[in-house]
Structure formats: C-alpha cells, structure tokens
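# Coordinates in review
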Amino acid sequence: MTVDIEVPGENPRQASQRRRRHLKGRALEAWTNVRNTLRNEDAKTDPDVNDPSSKRSLTHGMQFMYSIPLGVSIVDVLFNETCQEYVLLDESGTVSIYRSASGKHVTNFLMDDKLERLLLLANLSRYVGLSRATDNPRDATFVVYTQNLKVLSTFLIGVPVTCILYNPFRRQIVTAGEGNIHSWTLHYEDTHILPEVAQSCPEIKGSNLEMIAYEHNAGYSQRIYAISNTTCFVFRATTLELLDTKRSLHVRKISSMAYFNPGKSLVTGSIDGTIKMWDESWCVKVVFVGHNAPVVSLGVYPNGPFVVSAASDNSIRVWSLETSDEALVLETHSTATDIVSQFGYEQVATVHQDELYVYKTEELYHLFTSIGEPAKRIRRSTRHENTRNLVCCCEDSTVRVVCPTTGKILNTVMFPEEDIIRDAVCIKKLNAVFCLLDDNRIVKANLGTNPAYISQTWHCDDIFPGMKVSSFCVYEHMGAQEVLNQGGATDSWTALARAAGTDELKNAEEGQKPKMNPVLLFVGRNDGGIAQIDMESSQVNFEVAAHEMSNITLLVENSAYDQMISAGTDKVVKVWKVFPFAQVEPLVIVFPFYFPGNPTHVSVCKNKIFVAFQDSASGLYSSVVHTQERTRFDHPRIDDHTDKIVAVAANPKMKLFASAGEDETVRIWSDHSRLIRCLRLNAHIWSMDFCSETGDLIIGISDHLYRIDHMRYFTKSLMYRKMTIPFENLNQETPVAYDEKQLEEMNLSDLKRLKAAHAADLKFSTFEDTLPEEEQKQVDEDREAELSKLYPLAKRDAELEMLRNSDFDPLKISKKQRNERIQQIAFKKYLSIFFENVKVELPKSDEPEVKAPPRGPGKFVPEKEPLGFFPPVDKSFVQESNSKVNISGYLPNSVALKRLYPEETLKAHEEAFKPREFTAAELEEMEFWRKQRENAAAENAFDEDEGFLMDDDLPPTPDVATKSDLLSKLQQAAKTPSPPPEPELSEAEREALERAARVQELQDAAQAKENKQAEVAEKKQAKPIRKLVSRPKQKSPEPPPTPVKPKRVFEEEVVADDTPRPPTPLPEWLTRNKNQDWYQKFFPDLNERTFPKPWVPAKFAQMVLRYIKTCDLQYKAPMIEYLKDIHMEYNLVDISDEIIEGLIFAINKTNGQTGEIVYGRAFCIACVHLFTALSKFPVPVLAQMMAIYLEKDITIKRTVVENLRKTGLEDPQKFFYKNLDSWDLPAANDPNYRKEVVTKCERWLKAWMQKLVEQTEYVIEELKSGSMVLPGPIGKRFSKEKKLTSSEQEEPSRSVVAVLERIMGDHVDSVTPMEALNYYAECELIDFLARGDEMRKELLDPSNNRTVLVLPKVQIKKTIPRVGELSTGKGKQKRDESFASLRNPPTEQSLFSFPNHINLPMKPVYMNPFRDEVEEFVMKMQKQQPVLLTLKSHQKFFVPSNSVAPPS
C-alpha cells in the first residue's frame, strides 16, 4: 500500500501533485485487489491467504488474551474507552495504566492519598477519587484529578459513604450510605466538587445502601437503583426523589447488581447463587441457576443480550437473556471479585485479587428464531416474486416456514408426534410444501392457512410395492429471467438461448402471459431406481435404474442448468440432464463421479458440485469439488472436518460453499475447494444453510436458529468481490394468521407445539436509549442555558489565568493606528466607569441565602473580623450547609486566591505569620501550673471515708476578688494620690521583675495551700464522716447559699438546658435485623423504652429462642442464623444448653421430612451450622444431625458432612455416611417419622459408645497383664511382674512407652459420641483393608491363576457405527502405517498389584468375559487350565507385548 510522505521544502504545486499521485496509487491498488478476487486462479492471488498474519480460524465466545499480575491486591479497575486503556488502583495507592489491546504497561502514578475508589469522568476528562483518612464512615473526602492524575481540589463529604458511581448522562456523582443518598457536580471548569441534591427520607433511614446502578437514559425520567440487603429503592436521577421500594427480592442477601438497559431489566445476584431478572413492573422474567456459591459480581456482555456473572465457586458464566439459558462457562483458578466490561468493546476483564485477566469476546452468531425443537434439516425454497423462505424439519414432527430476513414463523405444517419427517421442500410458485415421511408417504401441504392443511398424499407403498422411498426431489423449471436473477448463467447469451428453446420469447412478443413452468416430482428408492411420479394421477411416468441395487441417499436439483444430481451407497454421484417438457424420457445421464466413500451430502453452485463423504479406508471425513468438465479440486487433509459432516450449502452469487460438522465447526470454502474460514462455534450443530445471497448463514443449534452475518467471517478479498456484485433485497413477508377453527379442534399438546416457535424478541443495536425528538430538544436547550450562565465565569477564569501567568498585556498595541481622537474617546470611556457607576452584573445564583445559625439565650458567640476579598490563609474557612446547592453565578474567594497566588507565595506568607516559640523559663512555668491543676483535681476527687467535698469545704480562690473587696479597693485608690511616674525600664529588667513576681506568687500559693490543708484536717476530726448512703431528706431551715463558681479566662457562659436527656439508643446487635420479616413480625414495637434493661445479648437470645419453638417454618432459618452470629460475637456459653434444647424441640416439632421444602432446607442447614458453632456434641445433638443427614436433599447432606468434618470426624472414606444411606427408614408421611429416626440414631450411637468402652477396657487389661504388643519399630511384650511407670523411659528408636498410671477409670467412662464415630470409621477401614488382603491372596494363589487378555484402547470419540472399522473423529494415522512404534504407557499399580486401567492408542473392541454352563464344567474338570477370553469380532491390529497379566 502506498504511503503519503510529506517532503520538506516543497512548494504548494509540488505538494498538490504529490497528493494527486498518492490518491491515484491507492485507487489502482484497490482495483487490483478487486480484479484479483474475481479471477478463478490459485491461492497465490488471494492476499489473505498469502498474508501469514491473517486469521483463518474464528472462535465464538470468550477466549483468554493475557493477564496483568500486580503482586498487591487490586482495589478498583477502570476502562478508559477514549485511550483504550485499563486503569488499575491497588491497595498500596499506586495507579497503573495498561494498553487494552496488548496488555503493555504504560505508566504508574503514586497517589498521595490512600484511595478506596476511583471514578473516570470520560466526558469531562477528569478522575475523582474517594479517600478515607480514618475508619470513621463520615471521614470521607473527594479528590479531583486531571487526566494526568494531578490533584485539582479536595472536598470533605461529611456523610457516610458505602458506594459511589458516576452518571455521565446527568454529569453527576452519586454516593450512597447508611440512610442517605447524595448527588454531586463539578463546577469552575470542572475543578471543584460541590453538593447538588441530598436525600434522607424516612423510608431509607436505618438501611445501608450497599450498591447503586443507573438507567442508561439521558431524559428526565432516568432512574437510579439502590440495594440494601434484599430491598431495592428506586430514585429519580434529577431530584433523588424516592419513586418505589421493593422488598424481599431474594430469599437471602443480594450480593451483586447490574442494569440491562435494552430490556429495561434489573439483574440481581444473591449469596445463594441465584440470578434474577426483573422487568419494569417488578415481575421476574427469568431466574438463572447454576452457581454453587454466592454471586460476587455481575456485568453486561459486550456483544448481544447476555449477562456475565462471577461467583465464589471459581467460575465465570455467560447467561443468554433470549434463550433464558446458560451460554458459556469458564473455570478459573480463583474467585473473580469484579467484572469490567463495556457494551460494544469486545473485551471482558476480571479481577482476581492481585491479578487482572482479560478475555476477548467474539460473537459469531446471534439468535434468529426459536423453533421449540432442534431443526434436523434446513433448506431454502425457490425464489418467486423477490421472495424466498427457509424450510426447517423439526424433531417435534413439524415443518416450520421461516422468513429469512426477519426470522418470523410464516406458517407451520403439523404431523402427529409419532411421525418422522425425513425431508421437506417448499415451492413458492405453488405456495406449497412437499414432505417425505418415514412411513413411505409423500405429502403436499398448502400454505394458504396456518397451520397448513394437507391437500394431497402419495402412498409409495401402493405405487412401489415392496420398495421404500429413501429420497425425493421436486424439480421446478426456471425461465431465463429467473436464471439471471439467481446467477445461474454466467453469460446473458446463455439465458437468451434458454428462452429461445421454449415459448418464453414468443409469448413475450405476442403479449401473452407466460405459461406455468412444469414442476416434476422425482423419488429415489432403496433398490437404486429413480422414478418420476405424476402429481395428479399418482402414476409413474418414467423409471430408470440409476444405481445398481444400492440405496439412493440424495437427490439434488440444479434448475439453472436443467440438471439433477443423485448419490447412492455405491460410492457414485451421477449428474442427470432433465428435459422438463419431454413426454417420454425426461432424464438422461451426463456423467458419473466416483468417490472412496459413501457420499453423505451434496450441494451445487452453478456448474460445480460440492460432495462430502467418509473415506472407507481411513475413516476420515472429507469433501471435494467437481466441475462438469471433469475437473477435481482437492485441499489438504488438515483442512477437513475431524468429525461427521452434518450439512453442506452453496451460495452461487458469492461462489462459496459451506460445511458443518459434529466437531462444532462451520468451514467456508471457495469454489476451488480452498478453505477460507473455520468458524468454531463451541456448540452442537444440527443443520445449516445460506439464508441470503450476500453470504449470511442460518445454523440450527439446540432448539433455536442462529444467524451468522457475512461481515463476521468475510475476508478482505470477499469484501472486494461483494462490491462488484449487485444484490436485490428480498421482500419481507407477513405471517399467515392462525385459523381459529383448527385451533379449537387441537388438543393442548398440539397447540403448545404450534405456538412454541417465535422470532427473537430482544433485538437492539445500541445499549443506550434514544430519546424522542421533543425531549431531546428540551434536554439540549437546558444544557445550552446552563452553559450560557457559566460563560461569564469561564471568561473571568480565563482572564485570571492570564493574569497569573503574566500573559495579559493591557498596553498591547491594536492593529488600528492610534491617534489623538481615539485616545480621547478611550479616556472618556475610562472615566465613565467611575462617574456613571457602570456595574457589570453576573447571572444571579439559584443558591438559597445561607443565614447564620440562631444564637441561644445568653450564649457567648465571639465576633469575627471582616475577612475581606482575599483573607489570610490561616483565616480561611469552609462553611458547610445541608441545603440543596445549584451553583451557577459566583466565584469563591478560595478559587480566585489559588489562581492569583502561586504556592510559593502562600508558603512565604505562612512563614511570615508563624507564632513565636516559647522560652525555657516559660515552658517551666507552664509545667508547674499543669502539676498544680492535677493536684487540685486529685484533692477534689471522691474520698471513701468522707465522700465528695462540698462547696463550703473548698478554699476561696485567691485570684478572684469578691464585689465588695473590689469596690473598697477602687475607693481607696481614688483617695490615694497618684505616685510620681517611675523611670522607664529596659526589656531585660522588666523580664527579671516579672519572673520574680511570678516566683513570689507561686510561693504564696503554696503556703496558702498548706494552711488550708491543715484547716481541713482539723475539720475532719471535729465533723462526723459523711457517706453516700440513701436516706430520707431532712428539712433544713435554710439552705446555705450556693457559692459562685469562678469563671476562667476565655470560658464561655453555659446556659442551663431544661431539655430532658434523650434515651440511650439500642445496641447494634439488637437492631441489625430490624428490616427482616421475622423481626418486624415478632418485635414490631421494640425500642429503647419497651425493651427491659439490662441490654445483654443472652437475654434477647432467649426471647428469640422462645419464638423459634412456635413460629412458622419460614421464619426459623433467619432467626437461627441470627443466634449463630450473636454467639460468634458475644459467646453465649451460659445459655448454650438452653439453645440446644430449644433447637431439638423445634426440630422434633416438624412432621415428616423437612428437607423437601425450601424453607425446611434452610431450617435444617441453619440448625447444623448453629450446632457446629456451639461446639457441644452430646448424644441428642449428634442424633439430630444424623437425622438431618437422612433427609433426601443433597444440599443438606453436604452441609452435615462438611460440619462434622470441621468438628473432628475423621472419615475420608465416608464409611459412616455409607452406613447411614443403607438404613431402612419409615415412610416420609408417617406422623412419627422424626421420632423413630432420632430414636434409631441414638440407639446406634449408644451401641458404638458401649463398644468403644469395652474395647478400651480390654486394651487396658491387656496392657496391665503384659500380654499385648504395642505397635512400634520393635514390638515389646510386657510381663505381669514388671509394670511400666511414668519414671521408666525406653529408647525412642526401639519401642513405644505406655504409661499405665495415667490411664484412669474416669477416662473410660468419659467416652464422647464423636470418639465413637471415629472408632466406627477406623473399624470399617480395618475391615476393608482385611478384605483387600484376602482378595490379593486369592489372586496370588496358583490354583486360581488366570491369564487375562487386555486389549489396547483408543482415546477417541465413539462415532464408529460398526465394530471392526479403525476410524476416529480426529486425525489418525493412515491404514498402511506401521504400529511398531507404539509403546505401552506406564500404569498405576492398585492395592492388589494389578493395573486398574490401561490407555493405549488403539480403538476399543467388544468381548464376552462371561462363562456359560459348558465352560463352567470344563473349568471343574481342568482346574489348572487358564481361561482365555474370546473376542466377539476379530482385531485388525494386535500387539502381544501390550497384554498384561498379574504376577505369579
């Protein structure tokens, strides 16, 4: 490809000529590519084949691309669509950026603040982070960053924040937390965040909003969804008005949420593994069940109506919203905690703790039509009046006629369910469908009504007695114009000659209507004959022996060339010339083709025949292209299907062939048998055909039809070819209305089959909503009005920026020449600013006026000096307000200060106004006064002997004088003449005098304190001791006056508040479940005043336990889970026995098996968890857990097994559970079912506990008697005379020392039920090993020696129809290759020294290893003679060295 390179120094004329040459070169290059694609040459002319980087194989679904390991936990992941990059935030505060296409690292940013979340504001080119300095939920801060992650501003939120998102349609940030939801907007050139709307309605108080999602809608009706536990709140995005509240969406807590905008559906995932989809009326559309663990994250699939989910079971699943089924499952090594995807961008990223996995999504096919049952065969109808249909033969004995453009079901032909449809053909001119049934009938159905009615039936048993029709073909003769439309003739003269051979030209000249072209019905029989049946009389007009005594499997018509192709089991394909107007012999053979295997499928493209067959020698599936000139086009064997070919199709316009196989691939071939594309669909394919002339494909997968668009697999050369071919768009047909009379006569089963098929419902091209024209116009006008209000502010910000950067030059000379007159006019305008008071008005702000808070009565509020326009930095403050803010008309001083004063100037300003430092003497004095205050506080503390000191006991404050003393001193000072002025002292002398005065004050205060302590001691001896005891108040004649408390300097006056003290709020463990159903039912009025004190968890647990005994089954499980949580937090050991008794009472109260009910299953599982948490396992508890295990539910069984394993049951072979499963239980509807099962479990436990006690006593007696050998490296026998004591020690390498003095009788009696279970498992293991030893001895016995012939096994798919053929579904070695290179793989020896399996690279065979009565008699007569197993069929290849026998 030519590249336009700029040449430095060229003039405009040379540049124009160079660009003209460049465009001419590009045009010539494009036409060369188009010309090469139209030539029928070899692969060298195809640029896509020559290019080694071209991708011939395309895979449907998600494929792993790359991973990004960070080494630290990932906190948040963003996708920047503008730069095509992934932005990763880890817990160390580092932001890493990677390319999405290759995973290449771009750069890192180390953030100053520790961020919890990071938002990308793509339409504003900003990042917003959420940081939290402490654990306080209110201590959250917004940090605004530029596109290069430079800090612009910060804002303290002041409300608890749990989740956050950015709504690009409203340009708002939405935060939600406990009892609140807020919206925030960016202002001042998107540099500062300010609050917009706050909502804390009573409905959401007490609810912690954990997740939020928004509707993709730019209109005023946009909604925001918030989740709290199992409740969803719906808000209006503009005002945050609460619109709706839906509770109990799931049985258990909602753990993830996503909004699917095209379907207007909310998708929620729960911790129970279920995923629900809700429509706008809050009806469940579909429930997805497949995850075995809590759903962690939900996301939107980039292609089509799918949802991606990740769960704790280490799996990622893709769910189809059209088929309501699972579309894809990916197993991962760890749990994906988050899913990052964007509609339209074909990538999905998953977060796995410290690693990011990126998958590529490629959607090759999408849902076209749901037909109810798999389509065994798809065939196109003939074209008539620019219409064409698809005919599908379904497994439910129906034939569906489908529109190829819209996917609608036009009509249906129905047969009884026991009939089997082998093939069907639609003839548009006759408006009829011909069907071949398995019972040797051919049926013609008229499509005038829906369902179609049977107009004619041919019974082939009567026409061909003793023979079976295996295939049929309806040949429709085509006129010249039809041949040209379908691209059958490459030359227009060929079509003209075709018209001249008939009456078509003559009728056209005379103005007559063309006659109906003949339609012929041909059938192929199992005796190799082809016959033509008259449609009116049902008689045989012509008959020929086409394939000698071989079954004719295929009949294909090629009307464009007046040909018909037949294929049979004789490995021959024959081409016949058809003479539709002949009366005697309408078929004449042209030439045959021979193949190495039976042809299975045939398709025709103009004069080329595409044949699929299976090679009988190698067993491989292959295909080949033949021409009528006897030319054959082959391809490499590596391009063939690896399994059975199920369908082939041809596209004459684009000269393409397509084949589909059971290897789940569709392969696109050129007309020269060259592989163009291999489409791996990862699904079982039933049928396939082209549905349009441009190359679109229809494939049958499961119960649906899927469409593959040609743009998905076309190469560049095919796109060039398409540009040169004219295509006519097919007319869209409307479905035929149902016949009400026929519907009334149908039974429910047939009516369900009829209406089971429908077109795909959910079709969309964009993920976002398209607003109506009027609403979009209103939104644009409002946005323009908002921008016009902000324009003066933006202009002012630009001027301030120029002033700060010194870019503004007021003396800049204008382009116009200055003169004296212009200067005078300018001077007058300048003076008019001052004399005429011209004011520049900015737009008024919508913000309400913020008033100062009202002052309380008598409360001191210090006044503040005016701050001015630019206050000092240390005097700046931020005034918080809970009012709704709509910033549109002012510039705060902090913003202007930041723009006018750089950071260096501010730092210098701060250095100049720093407070002075204290001297050592001042610090010493401050320390002295601190100690004095501590001593005074200690003296005023509570004394056990005397009680609290009364006010009259305190010494008077020496620093504060009473009012009378002050007046007397003022009067004395007025009478005393003023002394003469003292001489002025220096600063050093003044400091010395002040220091001496302070020392004297300290000495005087210390002396006064000692005197006071002495007086207090004297009063203690004279006065009785006062204690704090409750006694009746005595009337005193006159209360002592209350002394005035001295007021400290800078202390505000405290105003007495008569408001009663609010009640103490309930603790968190008491109110955490207030939104649950059981709490609202049993404790509706529980508050601070109704709940008696003391508030302890054990007391409330007892109240809950009483309700558990009597409440309904649906409330028991959540209440028991609550008890378990309280026990884990506050350790309810004191009431554990009471809890166990209450649970056993509640379990025994249920009748029959409870595991069959949903609530019963949850109740059983909750009881098992609580038993495990209490860690007490007496006989009643273990008996109840055994009875719970005997429930039929598999989930309950797994829960019991896991909890018993955690509590100490060591039974890896699960002998204990196998024993329980073998028990005979009473009927489930027996009223005494629970009692009988529990009694049986208790008896079993007590029996094994008694066995363990007896065994323990026996071992102790044996050890004491010295007759038992302990296990060890060297066994030691103890004698009766010598007893081992704790003081005796043996060498650790020789034997095991038993200390008998420590074995007491109490240990024997204190056997626990859990020890009995372990003892049972150990006994069963010993018995199992003993049985294995006996079997091993029997195998090694020479009298029982047998020679076993072990035949090799081929690891292939079982697709061989008959035994004796060596063929596989995957590539295999040729037949004549040597098998001498085969080696016997290593085998694993089992417990009995015989390999349990041998995998050898050869095919499996069938044998008869069972003996009859004659062989039994021979074995009795000849016991030493070995038995040789006889094969049912011979083996082609046998390797004697691969036969393995047990060792003698």
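Residues numbered from 1 in each chain as written. Predicted model: local features only at pLDDT ≥ 70, side-chain atom pairs only at ≥ 80, totals over all residues. Heavy atoms only, no water.

On strand 15 (residues 211–214), burial covers both faces: M211 and A213 on one face and I212 and Y214 on the other are all buried. Both strand 15 and strand 16 (residues 223–228) contribute to a ladder of four bridges, which runs antiparallel. Note on strand 16: the bridge partner recorded for M211 is I227. (Buried < 20%, exposed > 50% of the residue type's maximum accessible area, 1.4 Å probe, protein only. Helix = DSSP H or I, 4+ residues; strand = E, 2+ residues; numbered from the N terminus. Pairing = 2+ DSSP bridges.)

This part covers the pattern of salt bridges. The final tally for this structure, using the stated rule, is 33 salt bridges. A salt bridge links R441 to D419; the nearest nitrogen and oxygen atoms lie 3.4 Å apart. With R441 in strand 37 (residues 441–446) and D419 in the loop between strand 34 (409–414) and strand 35 (421–427), the pair connects residues that are 22 residues apart, well separated along the chain. For D419, a relative accessible area of 15% gives the class buried. (Salt bridge = Lys/Arg side-chain N within 4 Å of Asp/Glu carboxyl O.)

Two aromatic rings are characterised by how far apart their centres lie and by the angle between their planes. Taken as a whole, this structure holds 38 aromatic pairs when the rule is applied. Measuring from ring centre to ring centre gives 6.2 Å for F169 and Y214, while their planes differ by 65 degrees; the resulting arrangement is edge-to-face. Highlighted residues: F169 in the loop between strand 11 (163–167) and strand 12 (172–177) and Y214 in strand 15, separated in sequence by 45 residues. Counting every residue linked through ring pairs, the aromatic cluster contains W1078, Y1079, F1082, F1083, F1100, Y1107, Y1115 and Y1122. Of note, K1251 hangs over the ring of W1248, and the distance from its end group to the ring centre comes to 4.1 Å. (Phe/Tyr/Trp six-rings, centres within 6.5 Å; stacked < 30°, edge-to-face > 60°. Lys NZ or Arg CZ within 6 Å of the ring centre and 35° of its normal.)

Axis separation between helix 19 (residues 1097–1110) and helix 21 (residues 1136–1149) bottoms out at 8 Å; the angle between their running directions is 15 degrees. Relative to helix 21, the element helix 19 lies roughly parallel. The way helix 19 lies across helix 21 gives a crossing that is left-handed. Here Q1102, L1105, I1108, K1109 and T1110 of helix 19 lie close against helix 21, whose contacting residues are E1138, I1139, G1142, F1145, A1146 and K1149. Here the residues of the contact of helix 19 with helix 21 sort into five nonpolar, three polar and three charged. (Axes fitted to C-alpha atoms, helices over the stretch in contact; angles between N-to-C directions. Parallel < 35°, antiparallel > 145°, perpendicular 65-115°, else oblique. Left-handed = near helix turned anticlockwise from the far one by under 90°. Contact = heavy atoms within 4.5 Å. Nonpolar A, V, L, I, M, F, W, Y, C, P; charged D, E, K, R; others polar.)

Taken in spatial order, the four strands make up an open sheet running 39-40-41-42, and their pairing is antiparallel. Two strands close off the open sheet at either side, each with one partner strand: strand 39 (469–476) and strand 42 (540–545). For this sheet, the mean angle separating the axes of adjacent strands, direction not counted, is 20 degrees. With five bridges connecting them, strand 41 (residues 529–533) and strand 42 associate as antiparallel partners. Following the sheet pairing, I530 is matched in strand 42 by V544.

Before going further, it helps to spend a moment on the packing of helix 19 against helix 20 (residues 1113–1130). Across the interface, helix 19 lies against helix 20 with an axial gap of 10 Å and an inter-helix angle of 160 degrees. As far as their axial angle goes, helix 20 and helix 19 are roughly antiparallel. Crossing hand, helix 19 versus helix 20: left-handed. On helix 20, the residues that touch P1097, F1100, A1101, V1104, L1105, Y1107, I1108 and K1109 of helix 19 are K1116, M1119, I1120, Y1122, L1123, I1126 and Y1130. Of the residues in the contact of helix 19 with helix 20, the class split is 13 nonpolar, no polar and two charged.

Another point: the side chain of S673. Residue placement: S673 occurs in the loop between strand 53 (665–670) and strand 54 (675–680). Within the local environment of S673, its side chain forms a polar contact with the backbone oxygen of F633, the two atoms lying 3.4 Å apart. In this structure the side chain of S673 is engaged in a polar contact, spanning 2.7 Å, whose partner is the side chain of H635. Excluding residues that lie within four positions of it along the chain, S673 makes contacts with V625, F633, D634 and H635. (Polar contact = N/O pair within 3.5 Å; in protein donor to acceptor, adjacent residues only side chain to side chain.)

Taken as a whole, the chain shows an average pLDDT of 75; of its residues, 69% reach a score of 70 or greater. By mean pLDDT, the top-scoring element of the chain is strand 52 (residues 656–661) (95), and the lowest-scoring one is strand 60 (residues 1430–1431) (43). Across residues 941–964 the pLDDT falls below 50, and counting only partners more than four positions away or on other chains, this stretch makes 24 contacts in the model. (pLDDT = per-residue confidence, 0-100.)

For the bond from N450 to P451, the omega torsion is 0 degrees, close enough to zero to count as cis. If you trace the backbone, P451 turns up in the loop between strand 37 and strand 38 (453–459). Positive phi outside glycine occurs at N229, with the angle close to 60 degrees. Tracing the chain through its elements places N229 in the loop between strand 16 and strand 17 (231–236). Positive phi outside glycine occurs at K606, with the angle close to 60 degrees. For K606, the position within the fold is in the loop between strand 47 (599–605) and strand 48 (608–614).

Taking 1.5 Å as the rise per residue, helix 24 (residues 1194–1206) with 13 residues should run 18 Å; its terminal C-alpha atoms sit 19 Å apart, in good agreement. Just downstream of helix 24 lies G1208, where phi reads positive at about 120 degrees. (Expected span 1.5 Å × (residues − 1).)

A contiguous nonpolar surface patch, about 250 Å² in accessible area, is contributed by V284, V287 and V289. Turning to its location among the elements, V284 is positioned in strand 22 (residues 284–289). (Patch = residues over 30% accessible without salt bridge, like charges linked within 9 Å, V, L, I, M, F, W, Y side chains within 5 Å. Areas by Shrake-Rupley, 256 points an atom, 1.4 Å probe, with all protein chains shown as cover.)

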